[in-house]
Amino acid sequence: MKEHSDNQVVPDVEQQEEQLNLLVYQALEQDGSLIPTTPEAVARAEAELDNEDLELPATLANFDAALRHASQNHLMNCMPLQIPTGTEENLARAAREGGDVPPEVEAQMRADRAASEDDANAKGQH
Amino acid sequence: MPRDSTERMAPARAADIAELAEEVSVTRYPTGCVDPGAIAVSLGITLSFNDYADSFDGMLEHRAGRFHIFVNLRRVGTKDSPRSRFTLGHELGHYYIDDHRRALASGRAPAHKSICEYRSKSVVEAEADHFASNLLLPKPRFLDQARKYAVGLPGIIKIAGHFGASITSTAIRYASLDVSPCAVIKWDDLAFGWKWLSRGTFEARLFRTIESTAQLPQDCPTARALRGEAAPKGYFEAGTTATAWYKAVAAEGYRNVLLMEQAMQLGQYGVLTFLYPLEGKYG
């Protein structure tokens, strides 16, 4: 604090900046631009939401719906995945490493898979 | 340090795969044995276990929008055998590793006939093996177990039993986590298969081991196991020297320390040799 010649106490520049920051922070918090981070701010935000009687859109009604909506609409702000090169060729080469599957074994595999899928369907796993 | 194709797996890629597998393992099975079959079922992947001749250990197939795993009992033994569990873990690796799954699901890669447990030279197979190892033998829990036992095959056998893993994959994990300086050598069909060296062995510049059965001393544990002699404790063991096993070690050199050589028959899967310095270090 500094004292003027007429003895009036005024805040110094640092304190003024601090007060300004606090006011800006509170304004942004009340505006919804900042997520409340203190118990008081959360309580205040919840009280305000109660008064506003907001209704969420169906796509945000629950987490599953929100996730489904996001995946259907391909979030535009996702980072593109770095896909390693050569995986397909390597998988194909590795597939050739094994011996050939004889036709009778292939038929057995088809039958086993169908039975396994039928079983899973019956149990409601799909 | 592996000798084969896993050398081509970039360290960052290996670390990512290990982290992914460990996350799955710890999240789903914080204690006890990991059940890779149950994980597959929870992901909507159907399973078949049967005798599919001799062309693969396991296969992850994508058809009509669904994944399916075939496990070849002729190659892995029973449905619940350690080798079967490793094969399931391996196929889950092809599913969990994004670019493998995407390539299979898109049809750009053919249905995958896997040769598991570090026998394939393919890098994608090494990646799936790496996933299976980290899934079934997660590092923190593995180290907890490993610290309970003295170095050597008896401890590795106990650790393998604890995790329901094969002796081979447990010994490799033991070496790759550098629990103690050691070397793991696998012999298939009476010939050298592959070897894994722990970091400690690698840093001692002990790279070149005996890789021919003709060079083995007649009565050493490995030779006896390869001859199919009956092992009284389930494995053979005898003291040896570094110069007997490592070509670069001179008889009068400071690295020519005493080693313990242990060898175990793995039935149709060959013989495993485990070597470690008796004093816990090389010179």
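Each remark here, short or long, concerns the structure printed above.
Note that the structure is a prediction, hence the values are computed from the model and not measured.

Draft legend 1. Main features of the overall build of chain A. Across its full length, chain A carries five helices and two strands. Helices and strands appear in chain A in the N-to-C order β-β-α-α-α-α-α. Within the span of chain A, comprising 126 residues, buried residues form 14% of the whole. Surface accessibility of chain A: about 10,300 Å² in total, with carbon and sulfur atoms responsible for 55%.

Draft legend 2. Fine view of the overall build of chain B. When helices and strands are tallied, chain B shows twelve helices and nine strands. Its C-alpha atoms give chain B a radius of gyration of 19 Å, within 12% of the compact-globule value 19 Å for 283 residues. C-alpha atoms of chain B, sized along the principal axes, occupy 65 × 35 × 35 Å. Within chain B, buried positions represent 58% of all 283 residues. Within chain B, counting contacts between residues at least 6 apart in sequence, those at least 24 apart form 58% of the total. Accessible area for chain B stands at about 11,400 Å²; split by element, carbon and sulfur atoms hold 53% of it. Positive and negative charge centroids in chain B, built from 34 and 31 side chains respectively, lie 1 Å apart.

Draft legend 3. Representation of a nonpolar patch on the surface. All names here are of chain A. The grouping of L20, V24 and L28 at the surface amounts to a nonpolar patch, some 250 Å² of accessible area in total. Note on placement: L28 falls in helix 1 (residues 13-31). For L28, a relative accessible area of 35% gives the class partly exposed.

Draft legend 4. Representation of the side chain of B:H68 within the structure. Along the chain, B:H68 turns up in strand 3 (residues 66-72). Residue B:H68 is classed as buried on the basis of its relative accessible area of 0%. For B:H68, the side chain forms a polar contact with the side chain of B:T46, separated by 2.6 Å. Filtering out sequence-adjacent residues up to four positions away, B:H68 remains in contact with A:R113, A:S116, B:I45, B:T46, B:L47, B:S48, B:M59, B:L60 and B:E61.

Draft legend 5. Fine view of unusual backbone geometry. Residues and elements named next belong to chain B. In this structure, A53 takes a positive phi of about 55 degrees despite not being glycine. Counting through the fold element by element, A53 comes out in the loop between strand 1 (46-50) and strand 2 (58-63). The exposure class assigned to A53 is buried, which follows from its relative accessible area of 14%. You will see that R205, though not glycine, has its phi angle at about 60 degrees, which is positive. Checked against the element boundaries, R205 lands in the loop between helix 10 (199-203) and helix 11 (221-226).

Draft legend 6. Representation of the pattern of salt bridges within the structure. All names here are of chain B. Evaluated as defined, the whole model comprises 21 salt bridges over all chains. Note that D219 and R227 form a salt bridge whose closest N and O atoms lie 3.9 Å from each other. A residue is classified by how much of its surface remains accessible, and D219, at 63% relative accessible area, is exposed. A residue is classified by how much of its surface remains accessible, and R227, at 42% relative accessible area, is partly exposed.

Draft legend 7. Highlighting the packing of helix 4 (residues 82-96) of chain B against helix 6 (residues 123-136) of chain B. Residues and elements named next belong to chain B. Two numbers describe how helix 4 lies on helix 6: the axes approach to 7 Å, and their chain directions differ by 115 degrees. Of the two possible hands of crossing, helix 4 and helix 6 adopt the one that is right-handed. Listed contacts from helix 6 to R85, F86, G89, H90, L92, G93, H94 and Y96 of helix 4 are V124, E125, A128, D129, F131, A132, S133, L135 and L136.

Draft legend 8. Highlighting the state of the cysteines. Enumeration over the complete set of coordinates arrives at zero disulfides over all chains. Counting only cysteine sulfurs, B:C182 is the nearest neighbor of B:C220, a cysteine outside any disulfide, at a range of 18 Å.

Draft legend 9. How the structure looks around helix 6 of chain B. With 14 residues, helix 6 of chain B extends 20 Å from end C-alpha to end C-alpha; this agrees with the ideal 20 Å at 1.5 Å per step. The buried fraction of helix 6 of chain B amounts to 13 of the 14 residues, a majority that puts the element mostly inside the structure.

How each quantity is defined
- Within each chain, residue numbers correspond to sequence positions counted from 1 in written order.
- Ligands are numbered from 1 and chains lettered from A, in the order in which they are written.
- Totals for whole chains, interfaces and linings use every residue, but because this is a predicted model, local features are given only for residues with pLDDT of at least 70 and side-chain atom pairs only at 80 or more, for both listing and counting.
- Values shown for side chains rest on all heavy atoms present in the structure; no hydrogens or waters enter the calculation.
- To qualify as a helix, a DSSP run of H or I must reach at least 4 residues; to qualify as a strand, a run of E must reach at least 2; elements of each kind are numbered from the N terminus.
- Using a 1.4 Å probe on the protein chains alone, a residue whose accessible area is under 20% of its type maximum counts as buried, one over 50% counts as exposed, and one in between counts as partly exposed.
- Throughout, the Shrake-Rupley method with a 1.4 Å probe supplies accessible areas, and for residues the shown protein chains are the sole cover considered.
- Radius of gyration here is computed from C-alpha atoms only, and the compact-globule reference equals 2.2 Å multiplied by the residue count raised to the power 0.38.
- We call two residues in contact when some of their heavy atoms are within 4.5 Å.
- Asp and Glu count as negative and Lys and Arg as positive, but His and the ends of the chain are not part of the count.
- A charged residue contributes its charge at one atom only: NZ of Lys, CZ of Arg, CG of Asp or CD of Glu.
- A patch is a set of surface residues, each over 30% in relative accessible area and not in a salt bridge, joined within 9 Å for like charges and within 5 Å for the nonpolar side chains Val, Leu, Ile, Met, Phe, Trp and Tyr.
- Salt bridges are defined by distance alone: a side-chain nitrogen of Lys or Arg within 4 Å of a carboxyl oxygen of Asp or Glu.
- N or O atoms closer than or at 3.5 Å make up a polar contact, with two conditions inside protein: a donor-capable atom paired with an acceptor-capable one, and, for residues adjacent in sequence, both atoms drawn from side chains.
- Axes here refer to lines fitted to C-alpha atoms; in helices the fit is confined to the stretch in contact. Angles between the N-to-C directions go from 0 to 180 degrees.
- It is the rotation of the near helix from the far one that decides the hand of a crossing: anticlockwise by less than a right angle makes it left-handed, clockwise makes it right-handed.
- Sulfur atoms of two cysteines make up a disulfide when they are within 2.5 Å.
- In this analysis, the expected span of each helix is defined as 1.5 Å times one less than the number of residues it contains.

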